[in-house]
Amino acid sequence: MIFEKIIPKENIWDKLRITYKNNKIPNGYIFFGNDGVGKEAYSIELAALLNCKRPLSDLHACGTCRSCISIKSFQHEDIHFIHALPGSKNKPSSNGIKIDSKTFEELNNNYKKKIKNPYHKIKLANANTISIASIREIKKKLFLSKSDQNWSVVIIFDAHKLCVPKAEPANALLKILEEPPNKTLFILITSKINLITSTIQSRCQKVFFPNFKGMEIEEYIRKHNDDGMAIDSSSLQLSNGSVSEFMDIIDNDMLEKFQHLIKKIYRKDSNDFESVLSFFNKIKDKDQINSYLNHFIISTKDIYLLSLDKSNTKIHYAFLSETYISILSTFPNGNWIRIIGIINESIQDIHRNINLSLAIYNMLINVQYCLEGNSINTFKSDLIRDL
């Protein structure tokens with residue numbers, strides 16, 4: 001195997017092994033599910049198996065042949081990785097995408113972290129879309145310089161970024177997916193399959209990666225972490241079955257911060273708005289902002305379930321039960337369904353690069369309005385609507 005530190009997903013790997021054994025590899029796969037559940041690692045494992053010179057009897061890559069060693073260093077000539085890139089300095093040229101030195105170094109650092117930790121999410125700062133130039137470049141490589149002996153595997157990280165804000169890159173990929181060169185496999189990796197166009201989805205086999213159970217993450221951390229990382233049930237609940245999310249929670253002290261944030265947002269006055277705005281403005285990583293907002297959505301769903309039945313035991317964040325009860329007693333008529341919609345709208349606003357302060361302020365105002373049971377979003381900021 002390429003990754004020694006990996007939580008087995010035998011049901012998924014068995015399906016992949018069968019297609020390999022029966023020589024039924026499709027043109028494309030979509031590996032989908034939440035971040036931190038093994039999609040990226042298994043795409044690399046499959047690419048390694050396809051090109052391994054000495055595959056093991058259990059149909060895993062050997063991890064020691066020339067091909068496997070090249071894959072471990074992200075330098076295999078027939079394994080291609082496509083990422084969203086920052087648009088300001090990384091421009092297309094006659095020789096393909098020209099990546100500036102800062103982005104190149106950031107990408108290499110991500111690769112090094114990935115080999116050590118299969119659940120490290122490869123991501124680049126301010127990279128919001130996969131350019132059509134990247135698809136054109138890979139098409140040229142596949143048709144002009146493909147090896148006849150090896151499988152060419154194209155792994156597309158955050159594949160939904162092919163489709164937003166515009167679908168031209170996805171349409172360009174579609175043409176290659178329909179008639180790829182012989183022995184070519186595309187693996188699209190996404191946590192947002194709903195954003196991938198239906199035409200792309202129809203031409204790929206879908207493989208769903210479920211979340212891990214809390215006990216699986218706990219066992220993994222105890223077995224592979226040498227830093228004495230603290231493990232508690234609250235952080236495991238907040239991780240939602242994602243190893244990378246759990247590590248982010250610990251590294252960034254997100255548990256305590258999120259508990260504090262919920263109490264500031266769900267209160268009867270707006271005196272804490274400035275501190276909430278300041279909190280989000282200090283976060284430089286947009287994915288981390290989205291993470292907090294997604295936790296906010298899940299906790300609001302919990303509150304909604306408890307508003308229907310206070311004895312409900314199916315809430316996600318049981319460690320917040322007392323906080324939920326307090327919020328419900330303060331806002332017995334809260335329009336929780338509308339609040340969930342407001343938070344989702346804020347996530348979309350931020351994704352569209354609308355000013356963060358305006359997006360968060362708009363969210364806070366509308367949440368306050370709906371806490372009193374109102375259903376009409378009357379406070380939509382003109383500034384935001386006009387952007």
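Computed from a predicted model, the values in this text were never measured in an experiment. (Residues numbered from 1 in each chain as written. Predicted model: local features only at pLDDT ≥ 70, side-chain atom pairs only at ≥ 80, totals over all residues. Heavy atoms only, no water.)

(A) View of the nonpolar core. Of all hydrophobic cores here, the largest spans 78 residues; its most connected members are Ile155, Ile156 and Leu162. Of the residues forming this core, the biggest block, eight residues, is contributed by helix α2 (residues 39–51). In this structure, Ile315, Ile342, Ala359 and Leu371 belong to the second largest nonpolar core, which totals 45 residues. (Core = buried A, V, L, I, M, F, W, Y, C linked by side-chain atoms within 4.5 Å. Buried < 20%, exposed > 50% of the residue type's maximum accessible area, 1.4 Å probe, protein only. Helix = DSSP H or I, 4+ residues; strand = E, 2+ residues; numbered from the N terminus.)

(B) Broad picture of the pattern of salt bridges. Inspection of the entire model under this criterion finds 13 salt bridges. A salt bridge links glutamate 10 to arginine 17; the nearest nitrogen and oxygen atoms lie 3.2 Å apart. Taken together, the salt bridges that share partners define one network made up of Asp35, Lys39, Lys121 and Asp158. (Salt bridge = Lys/Arg side-chain N within 4 Å of Asp/Glu carboxyl O.)

(C) Geometry of unusual backbone geometry. With phi around 60°, phenylalanine 74 is a residue other than glycine that occupies positive phi space. Inspection of the secondary structure assignment puts phenylalanine 74 in the loop between α3 (66–72) and β2 (79–82). Among the residues examined, phenylalanine 74 registers a relative accessible area of 11% and is labelled buried. A positive phi angle is found at asparagine 240, which is not glycine, with a value near 55°. For asparagine 240, the location among the structural elements is in the loop between α9 (233–239) and α10 (243–251).

(D) Representation of the side chain of aspartate 100. Counting through the fold element by element, aspartate 100 comes out in the loop between β4 (96–98) and α4 (101–116). Here threonine 103 takes part through its side chain, which lies 2.7 Å from a polar atom of the side chain of aspartate 100. (Polar contact = N/O pair within 3.5 Å; in protein donor to acceptor, adjacent residues only side chain to side chain.)

(E) Representation of the sheet that holds strand β6 (residues 184–190) within the structure. Read from one edge to the other, the open sheet built from five strands follows the order β2-β5-β6-β1-β7, with strand pairing classed as parallel. Only two strands of the sheet have a single partner each, and these edge strands are β2 and β7 (205–208). Adjacent strand axes in the sheet meet at a mean angle of 20°, parallel and antiparallel pairs treated alike. Note that strand β5 (residues 152–156) and β6 share five bridges and pair parallel. (Pairing = 2+ DSSP bridges. Axes fitted to C-alpha atoms, helices over the stretch in contact; angles between N-to-C directions.)

(F) Representation of the confidence of the model for the protein in the model. Here the protein shows a mean pLDDT of 89. Residues at 70 or above account for 93%. Here residues 378–387 is modelled with pLDDT under 50, and outside its nearest four sequence neighbours on either side it reaches 21 contacts, counting other chains as well. (pLDDT = per-residue confidence, 0-100. Contact = heavy atoms within 4.5 Å.)

(G) Geometry of the packing of aromatic side chains. Evaluation of the coordinates by the stated rule reveals 19 aromatic pairs. Summarising the aromatic geometry, the rings of phenylalanine 81 and phenylalanine 157 are spaced 5.9 Å apart at their centres and angled 35° between planes, so their arrangement reads as tilted. Highlighted residues: phenylalanine 81 in strand β2 and phenylalanine 157 in the loop between β5 and α6 (168–178), separated in sequence by 76 residues. Among the residues examined, phenylalanine 81 registers a relative accessible area of 18% and is labelled buried. One aromatic cluster is present, built from ring pairs that chain together Trp13, Tyr29, Phe31, Tyr42 and Phe209. Note that lysine 9 overlies the ring of phenylalanine 212, its terminal NZ or CZ placed 4.1 Å from the centroid. (Phe/Tyr/Trp six-rings, centres within 6.5 Å; stacked < 30°, edge-to-face > 60°. Lys NZ or Arg CZ within 6 Å of the ring centre and 35° of its normal.)

(H) Inspection of the side chain of serine 244 at higher detail. With respect to the element layout, serine 244 can be found in helix α10. In terms of polar contacts, serine 244 uses its side chain to reach the backbone amide nitrogen of glycine 36, at 3.5 Å. Once residues lying within four places of it in the same chain are set aside, the contact partners of serine 244 are Asp35, Gly36 and Tyr119.

(I) Looking closely at the environment of isoleucine 303. Along the chain, isoleucine 303 falls in helix α13 (residues 286–308). Separated by 25 residues in sequence, isoleucine 303 and leucine 328 place their C-alpha atoms 7.3 Å apart. Ignoring anything within four residues of it in the chain, the contact list for isoleucine 303 reads Tyr266, Tyr324, Ile327, Leu328 and Trp336.

(J) Molecular detail of the pairing of β5. Burial within β5 is extensive, with five of its five residues counted as buried. Of the two faces of β5, the one lined by Ser152, Val154 and Ile156 and the one lined by Val153 and Ile155 are each fully buried. In the sheet, β2 pairs with β5 via four bridges, with the strands oriented parallel. Of the residues in β5, the one forming a bridge with isoleucine 79 is valine 153. Crossover connection from β5 via α6 to parallel β6: handedness right-handed. (Right-handed = clockwise from strand over helix to strand, strands pointing away.)

(K) View of the packing of helix α11 (residues 254–265) against helix α12 (residues 273–281). Direction vectors running N to C along α11 and α12 enclose 145°, while the axes themselves pass 10 Å from each other. The two elements α11 and α12 meet at a crossing, and its hand is left-handed. Counting all contacts with α11, which are made through Lys257, Leu261, Lys264 and Ile265, the residues of α12 involved are Ser275, Val276, Phe279 and Phe280. (Left-handed = near helix turned anticlockwise from the far one by under 90°.)

(L) The arrangement of the environment of isoleucine 365 in detail. By the element assignment, isoleucine 365 lies in helix α16 (residues 356–371). For isoleucine 365 and serine 270, which are 95 residues apart along the polypeptide, the C-alpha to C-alpha distance reads 8.2 Å.

(M) Structural detail: helix α5 (residues 132–144). For α5, which comprises 13 residues, the first-to-last C-alpha distance of 18 Å matches the rise-based estimate of 18 Å (1.5 Å per residue) to within 8%. Within the span of α5, buried status applies to Ala133, Ser134, Ile135, Ile138 and Leu142. (Expected span 1.5 Å × (residues − 1).)

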